[in-house]
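Residue-level structural notes
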Amino acid sequence: MIYPLCGLLFGALFGAFRAKARGGKLQDLLQWGAAFAVIFGLIGLFVLIFIERSYV
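Residues numbered from 1 in each chain as written. Predicted model: local features only at pLDDT ≥ 70, side-chain atom pairs only at ≥ 80, totals over all residues. Heavy atoms only, no water.

Further remarks concern the packing of aromatic side chains. Summed over all chains, the structure comprises six aromatic pairs. For the ring pair Phe 10 and Phe 14, a centre distance of 6.0 Å and an interplane angle of 10° mean the geometry is stacked. Within this pair, Phe 10 and its partner Phe 14 are both found in helix H1 (residues 2–21), separated by four residues, close to a single helical turn. Exposure remark for Phe 10: the relative accessible area of 49% places this residue in the partly exposed category. Note on Phe 14: relative accessible area 35%, which makes it partly exposed. (Phe/Tyr/Trp six-rings, centres within 6.5 Å; stacked < 30°, edge-to-face > 60°. Helix = DSSP H or I, 4+ residues; strand = E, 2+ residues; numbered from the N terminus. Buried < 20%, exposed > 50% of the residue type's maximum accessible area, 1.4 Å probe, protein only.)

Next comes the structure, spelled out in structure tokens:
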């Protein structure tokens, strides 16, 4: 359960830092943060599913 949550948090921070490095405003930080949070959250979800399936 922790992998998708960590993916969401890491993705939001990574997206916000990436937008800030490109000179983005607040809306850019929020949009990039949300997009990367969804992407990394899904990656974390697939990692969790893979780990759960491999132990059963």
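Still more ground to cover, so stick around.
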